[in-house]
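# Per-entry structural report
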Amino acid sequence: MIEGISIYEILTLTTILFFIGIYGFLTRRNLISILISVEMILNASVVNFVIINKYLYPDVLQGVLFSIFIIAIAAAETALAVAIIINLYRQISSVEVKDTEVMKF
Amino acid sequence: MNISYIILVPLIPLVVFLLLGIFNQKIKPAVSGYVGVFGLLASASLSLYAAYHYFFISGKVDGTYQTFTEKSIWMNFTDALHIDMGILIDPISMMMLVVVSIVSLMVHIYSRGYMKGDNGYTKFFAFLSLFTFSMYGLVLATNLFQIYIFWELVGVSSYLLIGYYYTKTSAIAAAKKAFIVTRFADFGFLIGILIIGFYTGTFDFETLNNPEGSAILNWAATSFMGLSVITWALILIFIGGAGKSAMFPFHIWLPDAMEGPTPVSALIHAATMVVAGIFLVARLFPMFYFVEDGFALNIVAYVGAFSALFAAIIAITQTDIKRVLAFSTMSQLGYMMLALGVSGYDGQEGVGYMASMFHLFTHAMFKALLFLGAGSVIHAVHSNYLKDMGGLRKYMPITNFTFLIAAIAIAGIPPFAGFWSKDEILVAAYEHNKLIYYVGVFVAGLTAFYIFRIYFGIFWGKEKTYNHTPKESPLSMTFPLMVLAFLSITAGFIPFSEFVTADKNGFDAHLNYSLAAIATAVGLIGIIMAWVFYKKENSLSDKYAKAFGPFYKWASDKFYFDEIYMFVTKKILFKRVSGPIAKFDNKYVDGTMVGIGNKTVWASEKIKGIQSGKVQDYAFAFIAGVVVIALVSIYLLTS
């Protein structure tokens, strides 16, 4: 609970963060940038978990614990994604998303 | 009377068929011949024992032969209408058991010699057993549907055996022809069965044939186009019978069926399967007789008389001895049909029915003998044609002698078997319908003439020099000839009227001496004419053939019935009916389906760009979908 800041302001912040992530995911051309955008989406939801736990159910800790889970899994996922991107780079010498569209009709 | 053991009679050949069929490649030919013969010997002894027991010991109660059945429900439609499987024992089924088992046993023994060295020896015996099983099933059937099932089974066995020499194009064509023509006629049979099932509510022979039963008493309940529906059903059933029994106009398959091995012709196309049509009419005889005062029965009589005459005329002109015998079979079957057609029901009135069954019995013996004798001759000279034969009496004394006995029997000379049965038929026809009687007498003369024409042509006639000196056939072939010859002499003395009658009460049949004398005289005239024409080689026969001019040519071309059928099927049915239908099917029915397919392909070509391979496009579509669903659910939930 932070003095002077209501839950609405923080939820507005996370919504903005979420849609910035979506926008980045849809428009970036670079796989690394896309990965960063995905991280932003994840972080927006992590903040939501913590905030809702803190403001609405201050007596319990599930939201906080879940955010720690999400951070851990996001780290693993990022490692996997980076590994894929490195392998892709070895194959086609590029991390541009336009070079990876071979899986089509 | 305990009849449950009779079920073994058809089951033994079935087991033999399965045994020989499954282990076709593993069994040595010598063994398979013995398996076939001994299997049939067992079932023949059983059926002879059963016949003895039925006719002489336990079948008769107060002078009337009883009907015994044993059956179980096989298919249940309603409580009243169900199809049973079982066995029915009455005088005609017992008599048919005897005929089938004797002839089949003789043919099995004969085939061991005739088919020796053939590649498909085991297969041949397997098919013979299948046929015998089906035929037993047919004669023992308890209801119309069961008889129909076995009816088709004998059709299949006949098809398999006609096409036995499957490398010969003509044999394949003949097999197909036989199957298609009889199958076409069986379609009438099936519709007849369904009509009877619908209007009487039962398929069971005992219920249908009861003269006091509802099926016969209520025949006038429903009518269609001026006739009772039951009469229509009986006519349709008779069409099925006419197809199997090669009655005009379904006779075209029988001469071609001679492409099969000769023992097959003797068994199936002379003695047993072709009499199935006669048996069917006899089996439903009370219905034929009582419904609409025997309207359907009159049709039977006229079709039979016409077929008898028609076939006898053609038989005179044929040069292939097996074809002569085939037309002779058709003619004699016509005799049996006309005898049924002119028969009454009670006591002495039912002489036609008795005569028909009697003739069926004697004919099976002497016609099987004629065919087996012809087979023995063909075996010796390797040809079917009269022009390749002549003077064979010196080389084949047993065949000559037995063939002569059979020829005399079929010509109706006393005291041989054919005389007695033919005489009864003529008596029945004389009392009922003079026209049919005259046809019958005339056919008797023709019969004597054509059968002695081939007899003299084969065994007398011109002396020929053969490349290989013909030999008498081995004992396995001559033994059945001798047995059947014995039966051809003696079968006529069986007092048939005491055993097999329409109302199942025996009566005393008297020989009508004046009619018998006329028939015998006509037969003798036929024999003498054949003697004059063919005993020694001379040009008399050619001269008379010329005198008849185009009529002779028509008869020798079988009155162009094959050509008419070909014209009707090819030029009219195929070209005018089936052709346009096929075109319609191709163009519109298929066209619609192909069009739907083509349009689908076209549409997918147009929209396949959506599958772009770009992850971000997919993600956009996904998110857009989520947003839309979210908006919709917010709208729905809040309003």
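Residues numbered from 1 in each chain as written. Chains lettered and ligands numbered in written order. Predicted model: local features only at pLDDT ≥ 70, side-chain atom pairs only at ≥ 80, totals over all residues.

## Things to note about the overall build of chain A
When helices and strands are tallied, chain A shows three helices and zero strands. Mapped in sequence order, the helices and strands of chain A form the string α-α-α. Compactness check: chain A gives a C-alpha radius of gyration of 17 Å against a globular reference of 13 Å for 105 residues, more than 25% above the reference. A principal-axis box enclosing the C-alpha atoms of chain A has dimensions of 50 × 25 × 25 Å. Here chain A, with 105 residues, has 7% of them falling under the buried criterion. Here the contacts in chain A between residues at least 6 apart in sequence split such that 48% fall between residues at least 24 apart. (Helix = DSSP H or I, 4+ residues; strand = E, 2+ residues; numbered from the N terminus. Rg over C-alpha atoms; globule rule 2.2 N^0.38 Å. Buried ≥ 20, exposed ≤ 12 C-beta atoms within 10 Å, placed from the backbone. Contact = placed C-beta atoms within 7 Å.)

## Topic: the overall build of chain B
If you tally the helices and strands in chain B, you get 25 helices and six strands. The C-alpha extent of chain B, read off along each of the three principal axes, is 110 × 65 × 55 Å. Every one of the 639 residues in chain B was classed for burial, and the buried ones make up 51%. A separation threshold of at least 6 residues defines the contact pool for chain B, and within that pool the share at least 24 residues apart is 80%.

## Describing the interface of chain B and chain A
Of the residues lining the interface, 10 residues belong to chain B; the matching set on chain A comes to nine residues. Residue composition of the side of chain B that touches chain A, by class: four nonpolar, four polar and two charged. (Nonpolar A, V, L, I, M, F, W, Y, C, P; charged D, E, K, R; others polar.)

## Thoughts on the packing of helix 15 (residues 321-341) of chain B against helix 16 (residues 351-381) of chain B
The angle between the axes and the distance between the axes are what describe a pair of packed helices. Residues and elements named next belong to chain B. For the pair helix 15 and helix 16, interaxial distance at closest approach is 8 Å and the crossing angle is 170 degrees. The angle between helix 15 and helix 16 places the two elements in the roughly antiparallel class. Only G352, Y353, A355, S356, H359, L360, H363, K367, L370, F371 and A374 of helix 16 make contact with helix 15, whose side of the interface consists of I321, K322, L325, T329, Q332, Y335, M336, A339 and L340. A per-class count over the contact of helix 15 with helix 16 returns 12 nonpolar, six polar and two charged. (Axes fitted to C-alpha atoms, helices over the stretch in contact; angles between N-to-C directions. Parallel < 35°, antiparallel > 145°, perpendicular 65-115°, else oblique.)

## What about the pairing of strand 4 (residues 82-89) of chain B?
All names here are of chain B. In this structure, strand 3 (residues 68-76) lies alongside strand 4, joined through eight bridges in antiparallel fashion. Of the residues in strand 4, the one forming a bridge with N76 is H82. Between strand 3 and strand 4, which pair antiparallel and follow one another directly, the connecting turn spans five residues. (Pairing = 2+ DSSP bridges.)

## Digging into unusual backbone geometry
Residue and element names in this part refer to chain B. With omega at 0 degrees, the peptide bond leading from F248 into P249 counts as cis. Within the element layout of this structure, P249 appears in the loop between helix 9 (229-244) and helix 10 (253-256). Notably, K504 is not glycine yet its phi reads approximately 70 degrees, a positive angle. By the element assignment, K504 lies in the loop between helix 20 (475-490) and helix 21 (513-534). What makes K504 partly exposed here is the crowd of 18 C-beta atoms within 10 Å. One non-glycine residue with positive phi stands out, namely Y560, at about 60 degrees. Inspection of the secondary structure puts Y560 in the loop between helix 23 (550-556) and helix 24 (561-607).

## A few points about the nonpolar core
Residue and element names in this part refer to chain B. With 214 residues, the main nonpolar core has F288, M357 and A368 as its most contacted residues. In terms of residue count, the dominant contributor to this core is helix 16 (21 residues). For F288, the residues in contact, after removing those within four places along its chain, are L234, V281, G294, A296, L297 and V300. (Core = buried A, V, L, I, M, F, W, Y, C linked by C-beta atoms within 7 Å.)

## Some details on helix 21 of chain B
All names here are of chain B. Here helix 21 spans 31 Å end to end across 22 residues, near enough to the 32 Å set by a 1.5 Å rise per residue. Turning to helix 21, its buried residues number three or more, namely A519, V522, G523, G526, I527, A530, F533 and Y534. An end-on view of helix 21 places all buried positions within 135 degrees of arc, on one side of the element. Turned more than 90 degrees from where helix 21 packs its buried face, Y513, S514 and A517 sit exposed. (Expected span 1.5 Å × (residues − 1). Arc of directions from axis to C-beta.)

## Examining the UniProt feature "transmembrane region" (unreviewed entry) in chain A
Residue and element names in this part refer to chain A. Mapped onto the present numbering, the UniProt feature "transmembrane region" (unreviewed entry) falls at residues 6-26, 31-52 and 64-89. Within residues 6-26, the helical portion is 95% and the strand portion 0%, while the C-alpha atoms at the span's ends are 31 Å from each other. Annotation note: span residues 64-89, helix share 100%, strand share 0%, distance between end C-alpha atoms 37 Å. (UniProt positions renumbered as here; feature names shortened; annotations may be inferred.)

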